[in-house]
Amino acid sequence: KNQVEQSPQSLIILEGKNCTLQCNYTVSPFSNLRWYKQDTGRGPVSLTIMTFSENTKSNGRYTATLDADTKQSSLHITASQLSDSASYICVVSPNTGNQFYFGTGTSLTVIP
Amino acid sequence: GAVVSQHPSWVICKSGTSVKIECRSLDFQATTMFWYRQFPKQSLMLMATSNEGSKATYEQGVEKDKFLINHASLTLSTLTVTSAHPEDSSFYICSARASFNQPQHFGDGTRLSIL
C-alpha cells in the first residue's frame, strides 16, 4: 500500500533554533518527492522537489535530503524564524501522471 | 512564478444552497487541475482531477453529482457544491499544472461554511 508518513506530528521550537522534519514513504515506483509549506488558511507552496538521483537540495534556510534506498526524506530548517510557523507537507509521486500521495504534515510552531 | 487564483476565499451560506468556487491559472495554461478538500489539522485529500475539455475523474467516495467540476478552458476550472449541507463545510483547495512534468501550483483555498 502506497503511504507517506511524517513525523513529528507537531513541533514547537525557539526562534533561531534548527529543526528537522521527517518523511517516510512506501510509494513505488518513485518519481519525485516534494516538500510544501502551508501557512494557516492558505494553499501549499512548494519548497523543494527531489528526484531519484538527488540526495540533497537547498532553498534558502530549507535543506531537503532524500535516501531513495531507505525511502526516507528530511527537511532541515536552519535558524528558524517566526514566519516558519506553518504546516509542512511531504508529497510523493509514483510517476509523471496524476497520482500524488500526501503525508499528514508536521505542524511547526516557532516561538520567540 | 506561476500563480493560481481561487475565488471566493471565504463563503458562508445556508444549508441547501449551491456554491461555486473558481480556480484560475493566471500566467500559464493548465491542462490539468486538481480539487482537494482539507479538514482541520489534516492533510489535503484529493477529490477529483480534471483535464481541460474532458470529464473530471473523481476519487473513490466523492459524489460526482454532489461536486460538479467544469474545466471548460485552459485557465479556468470550477467546483460547484450542490445543495450544500453542514457536513460539506471544509477548506477547498485547487491546484493547476501545465503538463505532466510540471509541478502543481496551489490556490489559496476557499473556506466554505454551511449553516
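Residues numbered from 1 in each chain as written. Chains lettered and ligands numbered in written order. Predicted model: local features only at pLDDT ≥ 70, side-chain atom pairs only at ≥ 80, totals over all residues. Heavy atoms only, no water.

**Student:** Just to check I follow, could you spell out the sheet that holds strand β1 (residues 4-7) of chain A for this structure?
**Tutor:** Two modes of strand pairing occur in sheets, parallel and antiparallel, and in both the strands are linked by backbone hydrogen bonds. All names here are of chain A. If you walk across this open sheet you meet the 5 strands as β1-β3-β8-β7-β6, and the pairing is antiparallel. What marks the edges here is a single partner per strand, and that holds for β1 and β6 (56-59). When the angles between neighbouring strand axes are averaged without regard to direction, this sheet yields 15°. Pairing of β6 with strand β7 (residues 62-67) involves 4 bridges; the strand directions are antiparallel. Each residue of the ladder has a partner; that of T56, found in β7, is T65. (Pairing = 2+ DSSP bridges. Helix = DSSP H or I, 4+ residues; strand = E, 2+ residues; numbered from the N terminus. Axes fitted to C-alpha atoms, helices over the stretch in contact; angles between N-to-C directions.)

**Student:** Just checking my understanding: could you explain the pairing of strand β4 (residues 32-38) of chain B for this structure?
**Tutor:** Consecutive side chains along a regular strand alternate between the two faces of the sheet. Residue and element names in this part refer to chain B. Counting buried positions over the 7 residues of β4 gives 7, a clear majority of the element. Residue alternation in β4 divides its side chains into two sets, T32, F34, Y36 and Q38 and M33, W35 and R37, and both sets are buried. Where β4 meets strand β5 (residues 45-51), 6 bridges bridge the pair, whose relative direction is antiparallel. Bridging from a neighbouring strand, W35 pairs with A48 of β5. Between β4 and β5, which pair antiparallel and follow one another directly, the connecting turn spans 6 residues, one of which, K41, has a positive phi of 60°. Strand direction decides the pairing type here: β4 and strand β9 (residues 90-97), joined by 7 bridges, are antiparallel. Considered in β9, the bridge of T32 is made with R97. (Buried < 20%, exposed > 50% of the residue type's maximum accessible area, 1.4 Å probe, protein only.)

**Student:** Honestly, the sheet that holds strand β3 (residues 19-25) of chain B in this entry has me stumped. Any pointers?
**Tutor:** All names here are of chain B. One open sheet holds the 4 strands; their spatial order is β1-β3-β8-β7, and the pairing between them is antiparallel. Because the sheet does not close on itself, it has two edges, and the strands there are β1 (4-7) and β7 (67-73). Each neighbouring strand pair of the sheet contributes to a mean axis angle of 15°, computed without reference to strand direction. Bridging between β1 and β3 involves 4 bridges; their strand directions are antiparallel. Its bridge partner being in β3, Q6 is matched across the sheet by C23.

**Student:** What is the right way to read the interface of chain A and chain B from this model?
**Tutor:** Where interface size is given, it is often the accessible area lost as the parts come together that is meant. Counting from both sides, the interface comprises 15 residues of chain A and, opposite them, 19 residues of chain B. Buried surface at the junction of chain A and chain B, summed over both partners, amounts to about 1,400 Å²; 50% is from carbon and sulfur atoms. Between chain A and chain B we count 4 residue pairs in polar contact (both at pLDDT 80 or more) in total. No other element matches the 3 residues that strand β4 (residues 32-38) of chain A contributes to the side of chain A that touches chain B. Looking at the side of chain A that touches chain B residue by residue, the classes come out as 5 nonpolar, 8 polar and 2 charged. (Contact = heavy atoms within 4.5 Å. Buried area = accessible area lost by both parts, 1.4 Å probe. Polar contact = N/O pair within 3.5 Å; in protein donor to acceptor, adjacent residues only side chain to side chain. Nonpolar A, V, L, I, M, F, W, Y, C, P; charged D, E, K, R; others polar.)

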